[in-house]
Amino acid sequence: MLNDTWDFITGLSAAQLVSYFWPFFLFDLTRYVVFDVLILTLYLPRRKRNKQRRAEARRLLFHEKPLVSVIVPGKNEGKHIPSLAESLTRQTYKKLEIVIVDDGSDDDTEIICRKLHKDGKIDQYVRNEVRGGKASAANTALYYSTGKYVIHLDADSELRYDSIETILLPFYMDANIAAVGGDIRVANLNQTMATRTQAIEYFKGISTGRTVSSMLGILRIIAGAYGAFRRDTLDRLGGWDVGPGLDGDITMKIRKLGLKVVHEPHAVCYTNVPTSFRKLARQRFRWDRSMVRFRARKHVDVLMPTSNFRLSNFIATVENLFYNLFLNFKWWFYVAQVIFFYGALLQHIIVVNYVLYTLANLAEFLVAMVLLRKTLRKQDLLLILYLPLMPLYTGLYLRIVRTYAYIMEFIHKASYADRWNPWKVSRVVKKDRL
Amino acid sequence: MSEGLLITGDQNPLHLPAKKSTDDTLWRSLDVGADADYFLFEVSSESEAYRVIGLVRQKLLPAIYLKPLILINSGGDLSKSLQDQVDFVISSQQLEQQLPAKLLDEVESINRRIDALQEQRLKADTNMALRVVRYLYSRDREVEPVASIQNRGGYTFTGIESLFDGHDQSIWQTLDFLNSQHLVQTRFVTRTHQCASCGCAFLNFKETCPQCESEELDADDLIHHFRCGYTAELSDFRQEERLVCPKCDQTLRHIGVDYDKPSMMYHCRSCDHRFQEPEIATTCFDCHRTAPPENQIHRNIEAYKLSMLGVNAALYGLDSLFASILERRLQLLPLDVFERFIAVEKARIGRYKVSHSSLLLIDIKGLEQIYLTLGERTSEVYEELANLFYAMLRSSDLISSRNESLFLMLLTETSPDDAKIVEGRLSSGVGELLKASLGASPDIISQIVNVDTALDLTAYLESFLSEHHAE
Ligand SMILES: [Zn+2]
Ligand SMILES: [Zn+2]
Ligand SMILES: [Zn+2]
């Protein structure tokens, strides 16, 4: 059978190659090549050239020593807080203020945090008896924090020892930068097959993808799990808006102010990811719906030629809509095309696609390793063994989840009743058609 | 008419002198009234009334201090506290006619109870606890706590206040004592905080800063505007009479509909600390000492009513009923007398070295509690117990008690082996009797000691008690 496939490949003309495998050659290959080439030829040399500027930024940072607020809003996260507070004391940047907001927890969170507050392990603890949702909790934390920079952090994440210092440097290199995204890595990568595939996906999507978007000036999301903001900017915006997707939303609003948003691949934050494909599907369903809502509905104005029109915002949105929405539906079109027109060649086409995407993943993974080399751990490198799984993961599993989410969002506006927001909030937002 | 009027029940009026001081004439005149059914009096002021009530209630003879008191109200409102301290209040018009039959019935029932004290009603009672027990017995009622700013404990017991001569702590002490002896039953009414250093119930509770202890705090509600997610303190939303969101400029309309108040925040004016859980401090209005509430005294305020044991104490005195029955039946000796007999016996045995005597100790655990189970049947059971003791002992034997449950018997001319037989019969007899009455076997501990020159009774009793009454 493999011999047949080999004959099939060698017998292909260039035109046939494109017509059988157009999604790979027209879209994915371009994207991979563009990304990888940009990283290798532009970003890395530029970073090398900027070494001097980074050293200078570091000197400025430690000379000024601004107060940095680490805000951790959340519900029932008490169990993570002691180790989080402990790990923050080991940061190379020490002038930190830890503000925990407890959004109506119904477990031991209050007892744990009141004790930590009393013992001076955390600087402020605010408990909201009634749950208000993620945005409200983050805004409460913002209100009671006083630092010049505000770092939004998830309770169950862990920062590399130099991570806060690293995420602050861009602010001292460019006065127009108002927000810096941290690099999210998978903490529990060796736990299950699901966590390994996600770890690879994070290296590609977050580390490489956001570095490139950032370089092109079209970065559209600062992860809520780990992002740094200038307080003056957050104050101007009145903090976060009601989610879901509030991370992407605040990033977009900062861009609309004409300020820059960048990604810092060496500011590492380890986070725990869903351990089964089932739980992962639920998480992605939520994320994908909010993508549609905030890009396609709430921030559709960036596509209009109004007074605050900016090309980079336009591109950021178009790129996002294109890759996520269009490419997703194009993929189903491709599947239909192959089944109806090239049904006899089905098995060959599948095998070839599989090989092509595995090779592309390998190339991308290697580039990520070069980009992140300083901050990598040994177990990160071993992920290379699992790369052959990735075509199934990104090509099949994620596509199905995503398609389902988009359809649901367009048809039902399901995310208004998101379980991350209490009903009282969803109801008002839905009524106001935000 | 003189300022005070005191009339005995047989229409033989006794005049109280108008002078505030109490003189001999008055005290004597009151004793003359021992056989009266009630005292009737009229005064021109409440303070005078309290003085008269005090004069009566602080006399020593039960026949006087327990006497039903009837106050004639010649007009005007009487304080609740005064009404509580007398048995009846009648108007001057009522006095003109016949006293109401209902009142006379109640007077009679009080007097019947006083008569039950028999000859003791004409013996002086000096023990405060006994006076209270007898008063509660004669009135057959519960004494309730009454909130009062006159009393530093925050509460007083107006019903029995006049038995005491003004030191209000002694009311509490007496009631605590009665409770510890199971002479009263309590009913929970409320709870107070009292100053740990001076007992004063007037404490100022205040919120303080956990960081600097300052009392100068501001408190503000947190507001969450649903539609934009903005969350800040109420003062940030306030614009004249309205609440306006500083983020989205909308006017807030209805709490719960477009906004809510998820929590509250305190702000310390002196150190700028922000916190949600203030410390609580209490300062005593009297001695000015400040302490956290958990370091102050928390006291249950209760109403008191005589228990069956208390009724027994009212009738027979504070010593135990069983002891009083044994005393009658077996000539229970006071312990010091018993000790002297032991000393004589030790000397006799030491000198002649021919005879043996034994000391038998029997400890019936929880005997004083039997009252709570058996109520009025207790005295019957006690009589039977006394009979049992009587049957076991010879006329030459001596008996005494160390407390309400530990009895000591000197068995003369009895070897330890013979004493063992007595011990066995006595404890099985007591055990069976109590088991039949209570339905459960009592805990009985007995010991036999050979009486010789080496015996040190006091030391022996102490070690016995500390061994078996580990409290
Ligand atoms: Zn608002
Ligand atoms: Zn303070
Ligand atoms: Zn005091």
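Just so we're clear, the structure is a prediction, and the values are computed from it rather than from any experiment.

Chemist: Help me understand the coordination of the zinc ion (ligand 2) in this model?
Modeler: Ideal values differ by geometry: the angle at a metal is 109.5 degrees with four tetrahedral donors, but 90 or 180 degrees with six octahedral donors. Residues and elements named next belong to chain B. Only C209 (SG), C212 (SG), C268 (SG) and C271 (SG) from the protein coordinate the zinc ion (ligand 2), and they sit 2.2 to 2.4 Å from it. Geometry at the zinc ion (ligand 2) is tetrahedral, judged from its four donor atoms and the angles of 105 to 114 degrees they form at the metal. Here the donor residues for the zinc ion (ligand 2) map to a single chain with the spacing C-x2-C-x55-C-x2-C. Of this pair, C212 sits in the loop between strand 9 (203-208) and strand 10 (217-225) while C271 sits in the loop between strand 15 (264-268) and strand 16 (274-275), and the two are 59 residues apart along the sequence.

Chemist: Looking at this structure, how should I read the coordination of the zinc ion (ligand 1)?
Modeler: All names here are of chain B. Looking at the zinc ion (ligand 1), the protein donor atoms are H225 (ND1), C228 (SG), C245 (SG) and C248 (SG), and they sit 2.0 to 2.3 Å from it. Around the zinc ion (ligand 1), the four donor atoms sit at angles spanning 102 to 117 degrees, and that spread fits a shape best called tetrahedral. One chain supplies every donor for the zinc ion (ligand 1), spaced along it as H-x2-C-x16-C-x2-C. The same class applies to H225 and to C228, which are both buried.

Chemist: What should I look at first to understand unusual backbone geometry in this one?
Modeler: Most of the time, phi is negative for any residue but glycine, and the peptide bond is trans. Positioned with a positive phi, N76 of chain A is a non-glycine residue whose angle comes to about 55 degrees. Looking at the secondary structure, you find N76 of chain A in the loop between strand 1 (68-74) and helix 4 (81-88). A positive phi angle is found at E413 of chain B, which is not glycine, with a value near 55 degrees. Position of E413 of chain B among the secondary structure elements: in the loop between strand 22 (406-411) and helix 16 (416-438).

Chemist: Would you explain the interface of chain A and chain B in this entry?
Modeler: Buried accessible area, meaning the area lost when the parts come together, often serves as the stated size of an interface. Tallying the contact residues gives 32 residues for chain A and 24 residues for chain B. Summing both sides of the interface, chain A and chain B together bury roughly 2000 Å²; the carbon and sulfur share of this comes to 51%. Area buried by chain A at its contact with chain B is led by R114, Y143 and Y144 of chain A, which between them contribute 26% of it. If you look at where chain A meets chain B, you find three salt bridges. E277 of chain B is paired through a salt bridge with R114 of chain A; the nearest N and O atoms lie 3.3 Å apart. Among the secondary structure elements, those contributing two or more residues to the side of chain A that touches chain B are helix 5 (109-118), strand 3 (124-128), helix 6 (134-143) and helix 16 (423-432) of chain A. For the side of chain A that touches chain B, the leading source of residues is helix 16 of chain A, giving six residues.

Chemist: Just checking my understanding: could you explain the UniProt feature "transmembrane region" (unreviewed entry) in chain A for this structure?
Modeler: Residue and element names in this part refer to chain A. According to UniProt, the positions carrying the feature "transmembrane region" (unreviewed entry) are residues 20-44, 331-349, 355-372 and 381-400. Across residues 331-349, helical content stands at 79% and strand content at 0%; the span's end C-alpha atoms are separated by 14 Å. For the annotated span residues 355-372, helix accounts for 100% and strand for 0% of the residues, and the straight-line distance between the end C-alpha atoms is 26 Å.

Chemist: Is there a simple way to explain the packing of aromatic side chains in this structure?
Modeler: Any aromatic ring pair is given by two values, namely how distant the centres are and how the planes are angled relative to each other. All names here are of chain A. Counted by the stated rule, this structure contains 22 aromatic pairs over all chains. A centroid spacing of 6.4 Å and a plane angle of 90 degrees characterise the contact between Y20 and F21, whose relative ring orientation is edge-to-face. Here F21 falls in the buried class, since its relative accessible area comes to 0%. A centroid spacing of 6.2 Å and a plane angle of 80 degrees characterise the contact between F203 and F365, whose relative ring orientation is edge-to-face. Within this pair, whereas F203 is found in helix 8 (residues 193-216), its partner F365 is found in helix 13 (residues 346-372), the two being separated by 162 residues in sequence.

Analysis parameters
Residues numbered from 1 in each chain as written. Chains lettered and ligands numbered in written order. Predicted model: local features only at pLDDT ≥ 70, side-chain atom pairs only at ≥ 80, totals over all residues. Heavy atoms only, no water. Donors = N, O, S within 2.8 Å, 3.2 Å for Na, K, Ca; no water. Tetrahedral: all angles 85-135°; square planar, octahedral: opposite > 155°, others 65-115°. Helix = DSSP H or I, 4+ residues; strand = E, 2+ residues; numbered from the N terminus. Buried < 20%, exposed > 50% of the residue type's maximum accessible area, 1.4 Å probe, protein only. Contact = heavy atoms within 4.5 Å. Buried area = accessible area lost by both parts, 1.4 Å probe. Salt bridge = Lys/Arg side-chain N within 4 Å of Asp/Glu carboxyl O. UniProt positions renumbered as here; feature names shortened; annotations may be inferred. Phe/Tyr/Trp six-rings, centres within 6.5 Å; stacked < 30°, edge-to-face > 60°.

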